[in-house]
Structures are given as C-alpha cells and as structure tokens.
Amino acid sequence: MKFNTKTIHGNQEHDKAYGAVMPPIYQTSTYAQSTPGGHKGYGYSRSGNPTRTALENSFASIENGTHGLAFGSGLAAIDAVMKLLKPGDEVISTSDLYGGTYRLFTKIFEGFGIKFHFVGMENASEIESYVTKNTKLIWVETPTNPMMTIIDIKACAEVAKKHRILLAVDNTFATPYLQQPLDLGADIVMHSATKYLGGHSDVVMGALVVKDKDLAEKLYFIQNASGAICGPQDSFLVLRGIKTLHIRMQRHCENGKVVAEYLKNHPKIEKVYWPGFEDHPNHGIAKAQMKDFGGMVSFTTKGNDYELAIKIVEKLKVFTLAESLGGVESLAGHPASMTHASIPKEEREKIGVVDSLIRLSVGIEDEEDLIADLKQAIG
Ligand SMILES: *Cc1c(COP(=O)(O)O)cnc(C)c1O
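Residues numbered from 1 in each chain as written. Predicted model: local features only at pLDDT ≥ 70, side-chain atom pairs only at ≥ 80, totals over all residues. Heavy atoms only, no water.

### A word on the sheet that holds strand β11 (residues 331-333)
Link 1 in the chain: Spatial ordering of the open sheet is given by β8-β9-β12-β11-β10, a layout of five strands whose pairing is mixed. Strands with a single pairing partner mark the edges of an open sheet, and in this sheet they are β8 (269-273) and β10 (320-321).
Link 2 in the chain: Sheet analysis places β11 next to strand β12 (residues 358-361), joined by three bridges and oriented antiparallel. The residue of β12 that forms the bridge with Gly333 is Arg359. (Pairing = 2+ DSSP bridges. Helix = DSSP H or I, 4+ residues; strand = E, 2+ residues; numbered from the N terminus.)

Below, the structure is given as structure tokens:
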C-alpha cells in the first residue's frame, strides 16, 4: 500500500458490530467481563480503548512502523521515551529544540540524574565526540523549530547503530508525508499530533511509533503505568485528520514556497529560513531526505527591528497570532516571547532566535490572500 492510501486505510478495519465505516467512539472507561479476566481484548481504557487502537494502528501504518502509541500530548509522548532511561544515563539532543522539549529535559529529567548534551548536529561527526559509555539516546528534531535547520537522520542513525544507542526523531514538522525516520534508521518516531497529524487545531495529542517488538512492549508498559493516554473522542478526531494529511501537506508545501519567496524579495525583511532555498545551508540534505520542504517559514526584519516584528504580527488578519502550528489555518508566532520564552535569552540568541524572528505556519488558504495579508502587515 502506498502512502496516500495508507493515510485512509492503513491498518484499518470496519467496525465488527455493525460495519460502521468510521470507527465508533467507544466512550467508556471499562468493559463487561463474562468471568474474571474474561473480556474481548479490553479491560480498562487506560490500558486500551478500541478507538485509540484504531488510531495507534494508523500511526504505525503511516510511519512504516509496527507499533503505534497515542498520548495525551506531544510532551507526554516524549516523557514516556525519557522514562526508558535511568539516572546516570546521557542523552545527546539537537540544540535548536522545541521550547517545551528543552524545558522537560532540563527542568524535569536533569533533576532525575539524566545528563543532556545539546549539540548543533548539522555535522553528524560532531555527535560522535559526545558519545560516552553512558550515552543511551540521541534525540533529533528536524526540521528544527523555529530555525528550520535540517539534520541528516541517516548519518545520525549510523552513529547510533555503531554505538548501540537509541535514535529518536521528533517528526512533528515534517510529518511522514515528507520524511519517514524509521526507514532512515531511527528507532523511535515521535509526533505532536496536535499539529499536522490532527491538522485542525482542535486536539492536543502525542504519538510514538517503533518497529521493534521489545521497544514497543517497554513503551506500552510506560504508557499504561504512567497513564498519560488520550481519550476516545480525541482519538477519533486525529484519525479523521490523518485521512487528509497527504492533500493538506501538499498544499502547505505549495503555499509555504510562495510565502518564503515573497518574503525573500521584500526590502524590509532580513533573512528567511526555509529549507527549499538553494542557498539554505542544509538544502542538499533536505532534498535527499524530504519529499518537499513543508509549510513552516521563519524570518527576521531588516536590522533585527523588534518594533516592526511586533507590528507585523499584530496587523496580520488572515494569519492568526497564536501558539502552535500545522492546522489548516495560517498562524504567526513570535518565538522569543511565545514558544521559546522558556529558553534563557542568551541560549535563545545563540541558536538564532533573535527578538525580531517571526515564525509562520502557512495554512491551506488561497495563496493570493496570504500574500496580500503579509503585504499589508509588513507595509
Ligand atoms: C508542539 C510540539 C511539541 C509538543 O507537543 P504538545 O502536543 O504541545 O505537547 C513537541 N515538538 C514539536 C516540534 C512541537 O511543535
């Protein structure tokens, strides 16, 4: 089965009771048993729920894995991965990281005795210099948020395999439409399904996909033991979202290109970060690893003009000033004060998140309306 068909049918079956084509929302916490332990595969909805199972099977299908796991948020999914580790273990992580992931690593898991090395990762050989006998996990986010750096997943997988380290990839920005990390050698794929997988800005959810039975069992144990699961209604909504992932992503990519090119030629704009430009430092890897370049575009104003940046985000009308990304509607964000406010200013600026940086999640509206909106806002 090819990708577009998988988004609709991958690992799905019609409802056994009445043949419902869409999976019923099993809004139940528990299940009748004929004799103690005698149930039809479900005993309690933290451990499993049929609507969630349908979604988890879809996650596995679209990422070319064998097992999918759904969580109450993207961060809950990352939290579950980190619970594979023990005090004294070390993690090598992308430095230009989603702010909430950085906060989870440094404010929660450092306190539990886990050591993190935040590394640029554009050059995979640099990763190797941080490997010690305690290194257990490499955490990669690509494209990075919000600087749109592209990291070579295959090269990271070679380092991970050589030293028997787990490789996890946050695939939120790219989605499996653009890249499939398990095929490139990763062990774990993670998603904030809140973003493109859900696609309609109406659910908060996380996902993990693996292709190894032992790893799947360990993560399922953590999912059930820690309990950060999602409900059946949200499972239904994300499953519905995934069915149009391929056509939404195609339009996000088309509109992203138009917006990136418009900004690049604007006299009041300094730098535009979008991996589709031939002069993007990692364009070659992006071209090799991704099917297209996505709908996320970041830019700074001429002379790092903070006042102008704030004026732009306030004046936008079709783009909504809001946290998050990946929905059908276009959003604009100001990372320094919003998504990345939890990262100290010094650290932030080291990775390029200056005060005039604006991040756009380009939606699937008509491109003419998006360009007209940017035009009136930038002036
Ligand atoms: C949003 C996001 C997360 C966190 O996911 P939540 O669903 O908000 O918990 C992690 N990584 C990336 C890249 C994100 O954009």
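Once the structure has been displayed, the description carries forward.
### Examining the pairing of strand β2 (residues 90-94)
Link 1 in the chain: With five of its five residues buried, β2 lies for the most part within the structure.
Link 2 in the chain: Taken together, the five bridges between β2 and strand β3 (residues 115-119) define a ladder with parallel strand orientation. Bridge assignment links Ser93 to a residue of β3, and that residue is Phe118.
Link 3 in the chain: Following the chain from β2 across helix α4 (residues 99-109) to the adjacent parallel β3, one finds a crossover that is right-handed.
Link 4 in the chain: Summarising the sheet, β2 and strand β4 (residues 135-141) pair through four bridges and their orientation is parallel. Residue pairing in the sheet places Val91 in a bridge with Leu137 of β4. (Buried < 20%, exposed > 50% of the residue type's maximum accessible area, 1.4 Å probe, protein only. Right-handed = clockwise from strand over helix to strand, strands pointing away.)

### With respect to the UniProt feature "modified residue: N6-(pyridoxal phosphate)lysine" (unreviewed entry) in the protein
Link 1 in the chain: Mapped onto this numbering, the UniProt entry annotates "modified residue: N6-(pyridoxal phosphate)lysine" (unreviewed entry) at Lys195.
Link 2 in the chain: Relative to the helices and strands, Lys195 resides in the loop between β6 (188-192) and β7 (206-210).
Link 3 in the chain: Setting aside residues no more than four positions away along its own chain, Lys195 makes contact with Tyr98, Thr172, Ser324, Leu325 and Gly326. (UniProt positions renumbered as here; feature names shortened; annotations may be inferred. Contact = heavy atoms within 4.5 Å.)

### A closer look at the packing of helix α12 (residues 306-315) against helix α14 (residues 367-378)
Link 1 in the chain: With their axes 8 Å apart at the nearest point, α12 and α14 run at an angle of 135° to one another. If you check the angle between α12 and α14, you find them oblique. Crossing handedness for the pair α12 and α14: right-handed. On α14, the residues touching Leu308, Lys311, Ile312 and Lys315 of α12 are Gln376, Ala377 and Ile378.
Link 2 in the chain: Of the residues assigned to the contact of α12 with α14, the class counts are four nonpolar, one polar and two charged. (Axes fitted to C-alpha atoms, helices over the stretch in contact; angles between N-to-C directions. Parallel < 35°, antiparallel > 145°, perpendicular 65-115°, else oblique. Left-handed = near helix turned anticlockwise from the far one by under 90°. Nonpolar A, V, L, I, M, F, W, Y, C, P; charged D, E, K, R; others polar.)

### So, the site of the ligand
Link 1 in the chain: Surrounding the ligand, one finds 13 residues, the nearest of these being Gly74, Asp170, Ser192, Thr194 and Lys195.
Link 2 in the chain: Here an oxygen atom of the ligand and a backbone polar atom of Leu75 are 2.9 Å apart.
Link 3 in the chain: Separating an oxygen atom of the ligand from a side-chain N or O atom of Lys195 is a distance of 2.8 Å.
Link 4 in the chain: Expressed as a share of its isolated accessible area of 380 Å², the protein-covered part of the ligand is 93%.
Link 5 in the chain: The residue makeup of the shell around the ligand, split by class, is five nonpolar, five polar and three charged. (Near = heavy atom within 4 Å. Polar contact = N/O pair within 3.5 Å; in protein donor to acceptor, adjacent residues only side chain to side chain. Areas by Shrake-Rupley, 256 points an atom, 1.4 Å probe, with all protein chains shown as cover.)

### Considering the side chain of Glu141
Link 1 in the chain: Relative to the helices and strands, Glu141 resides in strand β4.
Link 2 in the chain: For the buried residue Glu141, which engages in no salt bridge, the nearest side chain bearing the opposite charge is Arg359, 7.6 Å off.
Link 3 in the chain: A distance of 2.9 Å separates the side chain of Glu141 from the backbone nitrogen of Tyr98, its partner in a polar contact. (Lys, Arg positive; Asp, Glu negative; His and termini not counted. Salt bridge = Lys/Arg side-chain N within 4 Å of Asp/Glu carboxyl O.)

### Some thoughts on the nonpolar core
Link 1 in the chain: Phe59, Met205, Leu263 and Leu360 are the most contacted members of the largest nonpolar core, which has 64 residues in total.
Link 2 in the chain: No other element matches the seven residues that helix α10 (residues 245-264) contributes to this core.
Link 3 in the chain: Each of domain 1 (3-242) and domain 2 (246-378) gives at least three residues to this core.
Link 4 in the chain: Listed in part, the 30 residues of the second largest apolar core include Leu69, Leu85, Tyr102 and Phe109. (Core = buried A, V, L, I, M, F, W, Y, C linked by side-chain atoms within 4.5 Å. Domains from an automatic or database assignment.)

### Structural notes on the domain arrangement of the protein
Quoted interface sizes are often the accessible area lost when the parts come together.
Link 1 in the chain: Split into domains, the protein comes out as domain 1 (3-242) and domain 2 (246-378).
Link 2 in the chain: Here the C-alpha centroids of domain 1 and domain 2 sit 26 Å apart.
Link 3 in the chain: In this complex, domain 1 contributes 40 residues to the contact, which on the side of domain 2 involves 41 residues.
Link 4 in the chain: Both faces combined, the contact of domain 1 with domain 2 buries some 3,300 Å², and carbon together with sulfur accounts for 62% of it.
Link 5 in the chain: On the domain 1 side of the contact with domain 2, Met147, Tyr177 and Tyr196 bury the most area, a combined 24% of that side's loss.
Link 6 in the chain: For the interface between domain 1 and domain 2, the tally reads zero salt bridges.
Link 7 in the chain: Taken together, the links from domain 1 to domain 2 amount to 16 residue pairs in polar contact (both at pLDDT 80 or more).
Link 8 in the chain: Elements with a minimum of two residues in the side of domain 1 that touches domain 2: α1 (3-9), α4, α6 (153-162), α7 (175-178) and α9 (232-242).
Link 9 in the chain: If you tally residues by element for the side of domain 1 that touches domain 2, the top one is α1, at four residues.
Link 10 in the chain: Considering only residue class, the side of domain 1 that touches domain 2 consists of 19 nonpolar, 15 polar and six charged. (Buried area = accessible area lost by both parts, 1.4 Å probe.)

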